Amino acid sequence: MVRRRGAAPAQAHVAGAPARGGRAGRAGGARPLLARVAGHRRRARGPRGGAAGDRAIARVAIPASVLEGEVLPARVANYRATDLDVLCGAGDVVWRGVRPLGQADGYVALYLADDAAWLAPDPTPAAGELAARVREALQARGASFFAELVTQVRASVDELLEALWDLVWAGEVTNDTLTCLRSRLAGGDRGPRPQLRFGVDGRGRRSGPPGSEGRWSLVTPRPVDETERRAARARQLLARHGVLTREAVAAEDHEGGFAAVYPVLKAMEEAGRVRRGYFVAGLGATQFALPGAEDRLRDVRDIDEDAPFTVLLAATDPANPYGAALPWPDVPEARFERAAGARVVLRDGRLIGFLSRGARSLVTHLPDAEPERGRATAALAEALALLPEVTGQRYVLLEQIDNQPAPAWPQVAALTAAGFRPTHDGLILRRDEPRLGARRR
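A. Broad picture of the overall build of the protein. Of the regular secondary structure elements, the protein holds 17 helices and 20 strands. The proportion of buried residues among the 441 residues of the protein is 50%. Within the protein, residue pairs in contact and separated by at least 24 positions form 67% of the contacts whose partners lie at least 6 positions apart. Put simply, the protein shows about 20800 Å² of open surface, and 49% of that area lies on carbon and sulfur atoms.

And the structure:
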């Protein structure tokens, strides 16, 4: 009876949000909202802005290779690596390893220190005798520099470093800076490796190999009430996604999946703190949102068509709803994936371009009719013109577009207007090439 009087009326007026143009919805009205609530359009500044960006993406596993190059700069204006180091050094922000990705890269998650106990998953013990010895050393000594661990554990530098990172990816060990993560990503090609020298107290007088910088410590979860912990995680999911669905929870590798969070959402609904309804057609029958989400859906549905918002994102960015809350578009022979190094171009939340890893192949998904097709093509070209700036490379070579040589693409004029130049290998864009109207958004 309580549910019929409390929840049902709230659900009754929340019909599926139609796509733009008033047609029956197919998740079109949700796309801009999903990008906005993920923090992408709220760009703060400085270290405190970094903390705001961290809150927007808290608990999301993001490849380290795109975290500081693309994900955080999209949320913090003029982002600098020192911003995050300041927050970590002050104890305001902590980072956790989630799982390895290739030899040097890996998924990491950021947390505000006060939220970590509620949002971070419990560590999974890493296997191996050396990992156990490192764990024991950190338990005995507390936070330690790499040189101190070398003398304590008595293992070769290379073996100790790999055991330390095994513990990181298991979520057992963290560091008070991200310098170790950056140098591990950059690799060891930095000239001769510095020799460790020790004083009478056994402390290293020089840093160790790349990836060993900073002070290492065990992750020690603070005991919290499990019910409150689940509620905190549910609130974080709702705040990040706007409209929370089974698919969105599954995309975040949430412990226990949607089945674990559903009882919490149901209890919050019965208490009047969240609403359940068919907010967006095409996203599944079970949808939850914080009060006011339906108003935000109506707002983004009525976005001015003369001022569309186009953005270039890492495919793994939480603000990219495709492959998570939304399915990828049905494009013949296209292989879409949320992979490190891949990128998407969204125009008002709609996918108009997908770049493979290495930015050598582009798949487009443009409107069929004019003038929308021409406008979307120009927006796509403008976004792609930002690639050298985003990647930090001297040039970008686009070899294929829609499974054909890039220079033969029918809309290639839009790309040449944005600064691309045809070559025998494809379309090249140099970092210092003059470009028309291109800017990072």
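B. Examining the sheet that holds strand β5 (residues 105-112) more closely. The sheet built from three strands is open, its strands ordered β2-β5-β4 with antiparallel pairing. Edge positions in the open sheet fall to β2 (62-63) and β4 (93-101), since each of these has one partner strand only. Here helix α9 (residues 157-169) sits on the sheet and contacts β4 and β5; the angle it forms with β4, its principal contact strand, is near 105 degrees.

C. A look at the packing of helix α11 (residues 226-241) against helix α13 (residues 257-270). At a minimum axis distance of 9 Å, the contact between α11 and α13 shows a crossing angle of 80 degrees. Judged by the angle between their axes, α11 and α13 are roughly perpendicular. For the pair formed by α11 and α13, the contact residues are Arg-230, Ala-231, Ala-234, Arg-235, Leu-237 and Leu-238 on the first element and Val-261, Val-264, Leu-265 and Met-268 on the second.

D. Focus on the pattern of salt bridges. With the rule as written, the count across this model stands at 18 salt bridges. A salt bridge links Asp-122 to Arg-229; the shortest N-O distance between them is 3.1 Å. Of this pair, Asp-122 sits in the loop between α6 (113-119) and α7 (129-141) while Arg-229 sits in helix α11, and the two are 107 residues apart along the sequence. Arg-215 is the salt-bridge partner of Asp-176, the closest N and O atoms lying 3.5 Å from each other. Of this pair, Asp-176 sits in the loop between β7 (173-175) and α10 (179-186) while Arg-215 is found in strand β8 (residues 215-218), placing the two residues 39 residues apart along the sequence. Among the residues examined, Asp-176 registers a relative accessible area of 28% and is labelled partly exposed. According to the relative accessible area criterion, Arg-215 is partly exposed, its value standing at 38%. Among the ionic contacts, a cluster of salt bridges with common partners joins Asp-122, Glu-226, Arg-229 and Arg-230.

E. Geometry of the state of the cysteines. Counted by the stated rule, this structure contains zero disulfides. Cys-88 takes part in no disulfide bond, and the closest cysteine sulfur, belonging to Cys-180, lies 9.6 Å away. A relative accessible area of 0% places Cys-180 in the buried class.

F. Representation of the sheet that holds β8 in the model. Pairing within the open sheet is antiparallel, and its three strands lie in the order β6-β8-β7. Looking along the sheet, the strands with just one partner apiece sit at the ends: β6 (144-145) and β7. As judged from the three bridges shared by β7 and β8, these two strands associate in the antiparallel manner. Its bridge partner lying in β8, Asn-175 is registered against Trp-216.

G. Region of the structure containing helix α4 (residues 64-71). Among the eight residues that make up α4, six are buried, leaving the element largely enclosed by the rest of the structure. Restricting attention to buried positions, one finds in α4 the residues Ala-64, Val-66, Leu-67, Glu-68, Glu-70 and Val-71.

H. A look at the environment of Ala-147. By the secondary structure assignment, Ala-147 is in helix α8 (residues 146-153). With 61 residues separating them in the primary sequence, Ala-147 and Gly-208 have C-alpha atoms 6.8 Å apart.

I. Quick peek at the nonpolar core. Formed by 44 residues in total, the largest nonpolar core has its most connected members in Leu-67, Leu-84, Trp-95, Val-134, Leu-160, Trp-165 and Trp-216. For this core, the leading source of residues is α9, giving eight residues. Ranked by size, the runner-up nonpolar core spans 27 residues in total, among them Leu-362, Ala-381, Ala-406 and Leu-429.

J. Fine view of the side chain of Thr-364. When you line up the elements, Thr-364 lands in strand β15 (residues 361-364). The class of Thr-364 is buried, set by a relative accessible area of 11%. One polar contact links Thr-364 to Asp-402, side chain to side chain, over a distance of 2.7 Å. Once residues within four sequence positions are removed from consideration, Thr-364 is found in contact with Val-331, Ile-352, Gly-353, Leu-380, Ile-401, Asp-402 and Trp-409.

K. Molecular detail of the pairing of β5. Counting buried positions along β5 gives eight out of eight residues, so the element sits mostly inside the fold. Residues Asp-105, Tyr-107, Ala-109 and Tyr-111 point to one face of β5 and Gly-106, Val-108, Leu-110 and Leu-112 to the other, with burial holding for every one of them. Pairing of β2 with β5, which is carried by two bridges, proceeds in the antiparallel orientation. Each bridged residue has a counterpart across the sheet, and for Ile-62 the counterpart in β5 is Val-108. As paired strands, β4 and β5 are joined by eight bridges and run antiparallel to one another. Bridge pairing in β5 places Leu-101 opposite Asp-105. Once β4 ends, the chain turns through three residues before running back antiparallel as β5, passing Gly-102 with a positive phi of about 75 degrees.

L. Inspection of the packing of α8 against α9 at higher detail. Across the interface, α8 lies against α9 with an axial gap of 11 Å and an inter-helix angle of 110 degrees. Of the possible angle classes, the one that applies to α8 and α9 is roughly perpendicular. Seen from α8, the contacting residues are Phe-146, Leu-149, Val-150 and Val-153; seen from α9, they are Val-157, Leu-160, Leu-161 and Leu-164.

M. Spatial organisation of the packing of aromatic side chains. Going through the model one piece at a time under the given rule, you end up with nine aromatic pairs. Ring geometry for Trp-165 against Trp-216: centres 5.7 Å apart, planes inclined by 80 degrees, an arrangement best described as edge-to-face. Here Trp-216 lies in strand β8 and Trp-165 lies in helix α9, a separation of 51 residues in the sequence. Exposure class is identical for Trp-165 and Trp-216. Each is buried. Seen in terms of ring centroids, Phe-336 and Phe-354 are 5.2 Å apart; in terms of plane orientation they differ by 85 degrees. Their pairing is edge-to-face.

Thresholds applied
Residues numbered from 1 in each chain as written. Predicted model: local features only at pLDDT ≥ 70, side-chain atom pairs only at ≥ 80, totals over all residues. Heavy atoms only, no water. Helix = DSSP H or I, 4+ residues; strand = E, 2+ residues; numbered from the N terminus. Buried < 20%, exposed > 50% of the residue type's maximum accessible area, 1.4 Å probe, protein only. Contact = heavy atoms within 4.5 Å. Areas by Shrake-Rupley, 256 points an atom, 1.4 Å probe, with all protein chains shown as cover. Pairing = 2+ DSSP bridges. Axes fitted to C-alpha atoms, helices over the stretch in contact; angles between N-to-C directions. Parallel < 35°, antiparallel > 145°, perpendicular 65-115°, else oblique. Salt bridge = Lys/Arg side-chain N within 4 Å of Asp/Glu carboxyl O. Disulfide = S-S within 2.5 Å. Core = buried A, V, L, I, M, F, W, Y, C linked by side-chain atoms within 4.5 Å. Polar contact = N/O pair within 3.5 Å; in protein donor to acceptor, adjacent residues only side chain to side chain. Phe/Tyr/Trp six-rings, centres within 6.5 Å; stacked < 30°, edge-to-face > 60°.

Structural measurements only, silent on function.
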